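As a plain string of letters, each chain reads:
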Amino acid sequence: DGFILQLSVRVSEKTLGFEHSVFLGFDDIISNVDWLVPFGADIRYKRFGFMPDFVGLKMSGGSTTPGPLYEDLDVGIKMWVLNLAAYYRLIEKPNYSLDVIGGARNLYVDLDLAFSGGPVGNARGALRANSKTDIWDGIVGFRAQGDLSDRLFYSVYGDVGTGASELTWQVLASLGYQVSERLSAALGYRYIHYDEENNNTSVGVTASGPQLTLKWDF
């Protein structure tokens, strides 16, 4: 399933007094990850299906500071995205299919920030803040799949939703190869975006990375 190789979290808290964005790239995640758990399934009976999906990680490390006030920033992140989506196969042809999708998505982010050093950090000590987000949204979307040749195939997925968040959306495009009658493998790229705001916190989360899928048809 998917691997998060880029993660951006924007947080604006009253306790901070300023907005700060944490961007973690491939090197940051690989060198500082504590655990990374991807899981997904696709269960279908006739035209109806269910495809739960989970990607979670925990990591700790450093990030850039928000300007001249502080010199050092330590970041701890625990995060997961859980998709619970059902679908109906609206179109099914020998070499093409189209699914309509509905369901829910859960985003959980626990972000710890510790600013230190610099003029303010040296004078007043470290500034510590925690931002925690745990929200559910309803989603609707589609998935189109088709054959490019006897063994090559493609898949395009997209959804959009809202609820506890202002907006969430996700896209995934994959290219696959039919290894045998029952086994196939696909490599794609996945992008998830969230905007969430309440009275105390404004949080924006963007996660992206490649997705490798191995599928066995029963």
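Anything mentioned here points back to the structure above.
Scope of this entry: the structure provided in the associated data block. Worth saying up front: this structure is predicted, and the values here are computed from it rather than measured.

**Considerations on the pattern of salt bridges**
With the rule as written, the count across this model stands at nine salt bridges. Residues D42 and R143 are paired through a salt bridge, measuring 2.9 Å at the closest nitrogen-oxygen approach. A residue pair is termed long-range when its members are at least 10 positions apart, and D42 in the loop between β3 (33-40) and β4 (43-45) and R143 in strand β8 (residues 127-147) qualify at 101 residues. Look at R143 and you get buried, because its relative accessible area is 8%. It is possible to trace a salt-bridge network through shared partners that takes in D42, R44, R89, E92, D99 and R143.

**Points about unusual backbone geometry**
In this model, K46 sits at a positive phi of 55°, which is unusual for a non-glycine residue. Take K46: it is sitting in the loop between β4 and β5 (48-62).

**Here we look at the nonpolar core**
Judged by nonpolar contacts, the single largest core of 25 residues is most densely connected at L7, I77, M79, L107 and V205. Going through the elements one at a time, β1 (6-13), β2 (19-24), β5, β6 (72-93), β7 (96-116), β8, β11 (183-197) and β12 (201-216) are the ones with two or more residues in this core. Of all hydrophobic cores here, the second largest spans seven residues; its members include M51, I101, I139 and Y157.

**Concerning the packing of aromatic side chains**
A complete count under the given rule lists four aromatic pairs for this structure. Arranged with centres 6.4 Å apart and planes meeting at 40°, the rings of F54 and W80 form a pair that is tilted. Of this pair, F54 sits in strand β5 while W80 sits in strand β6; the two residues are 26 residues apart in sequence, bridging distant segments of the chain. When its relative accessible area of 23% is taken as the criterion, F54 is described as partly exposed. Residue class for W80 comes out partly exposed when judged on its relative accessible area of 25%. When the centroid spacing of 4.4 Å and the interplanar angle of 20° are considered together, the rings of W80 and Y108 count as stacked. Here the residue W80 occupies a position in strand β6, and Y108 occupies one in strand β7, the gap between them amounting to 28 residues. Y108 gets classed as buried once you look at its relative accessible area, which sits at 12%. Put simply, the rings of F54, W80 and Y108 pair up and form one aromatic cluster. Positioned above the aromatic ring of Y87 is the side chain of R143, whose terminal nitrogen or guanidinium carbon lies 4.7 Å from the ring centre.

Rules behind the numbers
Residues numbered from 1 in each chain as written. Predicted model: local features only at pLDDT ≥ 70, side-chain atom pairs only at ≥ 80, totals over all residues. Heavy atoms only, no water. Salt bridge = Lys/Arg side-chain N within 4 Å of Asp/Glu carboxyl O. Helix = DSSP H or I, 4+ residues; strand = E, 2+ residues; numbered from the N terminus. Buried < 20%, exposed > 50% of the residue type's maximum accessible area, 1.4 Å probe, protein only. Core = buried A, V, L, I, M, F, W, Y, C linked by side-chain atoms within 4.5 Å. Phe/Tyr/Trp six-rings, centres within 6.5 Å; stacked < 30°, edge-to-face > 60°. Lys NZ or Arg CZ within 6 Å of the ring centre and 35° of its normal.

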